[in-house]
Amino acid sequence: MPTLLVCSGTDDLQSLRVALAQAAALVMPDLQVRLWPEAVDPHDVLAVAAWHPPAGVLNRLPQLQLIASIGAGVEHVLRVPDLPAQVAISRIVDSQQARGMAEFVLWATLHYHRQMDQVLRQHAQRVWRMPAQRAASECRVGIMGLGVMGEQAARCLRDNGFAVSGWSRSKHSIAGVDTYAGAGELPAFLAPLDVVVCLLPLTASTLGICNTAFFQMLKPGAALVNAGRGEHVVTDDLLAALDSGHLRGAVLDTFAQEPLPPEDPLWNHPGILITPHMASAASETEIARQIVDNVARLRSGKAALHTIDRERRY
Ligand code: NDP
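Rules behind the numbers
Residues numbered from 1 in each chain as written. Predicted model: local features only at pLDDT ≥ 70, side-chain atom pairs only at ≥ 80, totals over all residues. Heavy atoms only, no water. Helix = DSSP H or I, 4+ residues; strand = E, 2+ residues; numbered from the N terminus. Rg over C-alpha atoms; globule rule 2.2 N^0.38 Å. Buried < 20%, exposed > 50% of the residue type's maximum accessible area, 1.4 Å probe, protein only. Contact = heavy atoms within 4.5 Å. Axes fitted to C-alpha atoms, helices over the stretch in contact; angles between N-to-C directions. Parallel < 35°, antiparallel > 145°, perpendicular 65-115°, else oblique. Left-handed = near helix turned anticlockwise from the far one by under 90°. Nonpolar A, V, L, I, M, F, W, Y, C, P; charged D, E, K, R; others polar. Pairing = 2+ DSSP bridges.

Further remarks concern the overall build of the protein. Each helix and strand in the protein was counted, giving nine helices and twelve strands. Computed over its C-alpha atoms, the radius of gyration of the protein comes to 21 Å, within 12% of the 20 Å expected for a compact globule of 314 residues. If one aligns the C-alpha atoms of the protein with their principal axes, the spans along those axes are about 65 × 45 × 35 Å. When the 314 residues of the protein are sorted by exposure, 51% land in the buried category. In the protein, the proportion of contacts linking residues at least 24 apart, taken out of those at least 6 apart, comes to 62%.

Okay, structure coming up:
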């Protein structure tokens with residue numbers, strides 16, 4: 001019986017399995033949805049809905065045609081040591097999720113622009129002091145990554161009056177946004193920013209990109225928002241940039257280890273605001289709809305949607 005296997009080595013995906021079964025019942029009643037490590041006939045599995053899949057699962061499925069990341073990122077699939085070579089890898093691309101990300105980026109920008117970091121410190125000490133106010137147009141925000149998430153965030157900030165810059169691998173053109181491309185233009189992109197927002201995919205070129213050299217390219221008093229992946233930020237370099245006073249603060253949403261362990265020093269740093277990988281998620285209904293749609297496409301001989309380029313790694 002054709003099977004969609006739901007597989008995570010880290011999270012309980014029982015409720016997603018139910019959503020996938022409901023979506024499949026509407027369009028492909030013969031597709032059975034199983035949750036790893038339930039027993040399945042390996043020859044029946046056409047697709048895997050994956051979140052941090054463990055080694056030793058994907059390469060034992062001889063009919064596998066699709067590995068569907070249940071999130072926007074795919075680095076958790078690409079790091080599987082025995083990843084089958086020829087199988088398509090897809091991700092979730094959801095306009096509602098992009099709108100949610102834009103909200104998060106707008107909130108984090110306002111946190112610094114309206115000086116809520118200072119106000120929260122004052123609150124803790126019962127200090128009544130009005131912070132200075134500036135126009136949004138005087139605050140320049142830079143978005144690293146102008147993909148599905150980054151472009152929506154850039155447009156949202158622009159529409160709220162901020163001065164916006166964007167940086168990507170290839171050159172983009174977005175009305176009202178100053179765009180930069182490639183490693184060569186990174187210093188010019190970073191130099192004028194008040195807030196820099198990382199919305200990059202995690203690849204060999206972006207791993208550890210927020211390091212000491214990066215922070216030094218920012219002007220003193222700039223702030224960092226990371227909603228990409230935790231591994232984009234070199235933690236010791238971030239702490240040093242904060243402790244020296246060069247960096248004003250950081251909102252961190254993603255971490256190399258999640259949940260962030262209680263003993264992690266990031267929790268205690270006064271310049272860091274931690275959010276629990278909440279910047280934006282697609283709904284389970286939408287994730288299930290997209291994955292089931294892709295399985296249906298494959299079974300009717302069409303290519304899956306939202307597949308990644310294995311060479312680029314995103
Ligand atoms: P996309 O693939 O749509 O966009 C990626 C962007 O990054 C592109 O603009 C790409 O440039 C740019 N990029 C990639 N590599 C480089 C590089 N070496 N130098 C400069 N720019 C580069 O991804 P999404 O926008 O959908 O998502 C981005 C990431 O955000 C995800 O991979 C995930 O890690 C994270 N995310 C986090 C969430 C959260 O809740 N915290 C929620 C959703 C996503 P180009 O356009 O030229 O190819």
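On we go.
A few words on unusual backbone geometry. Across the junction of W36 and P37, the peptide omega takes the value 10 degrees, indicating a cis bond. With respect to the helices, strands and loops of the structure, P37 is situated in the loop between β2 (32-35) and β3 (45-51). Note the cis peptide between E258 and P259, where omega equals -5 degrees. As for its placement among the helices and strands, P259 is situated in the loop between β11 (247-252) and β12 (272-274). If you check the backbone angles, H277 has positive phi at about 45 degrees while not being a glycine.

So, about the packing of helix α3 (residues 95-113) against helix α5 (residues 148-159). For the pair α3 and α5, the least separation of the axes is 8 Å and the interaxial angle reads 50 degrees. Our classification of the angle between α3 and α5 gives oblique. The handedness of the crossing between α3 and α5 is right-handed. Each of Q97, A98, R99, M101, A102, V105, L106 and T109 in α3 lies in contact with α5, whose residues at this interface are V148, M149, Q152, A153, C156 and L157. Considering only residue class, the contact of α3 with α5 consists of ten nonpolar, three polar and one charged.

Spatial ordering of the open sheet is given by β2-β1-β3-β4-β5, a layout of five strands whose pairing is parallel. Two strands lie at the open edges of the sheet, namely β2 and β5 (88-90), each paired on one side alone. If you compare each strand with its neighbour and ignore which way they point, the axes differ by 20 degrees on average. Across three bridges, the pairing between strand β4 (residues 66-69) and β5 is parallel. Note that in β5 the partner of A68 across the bridge is S90. Packed onto the sheet, helix α1 (residues 14-27) meets β1 (3-8), β2 and β3 and runs at close to 175 degrees relative to β2.

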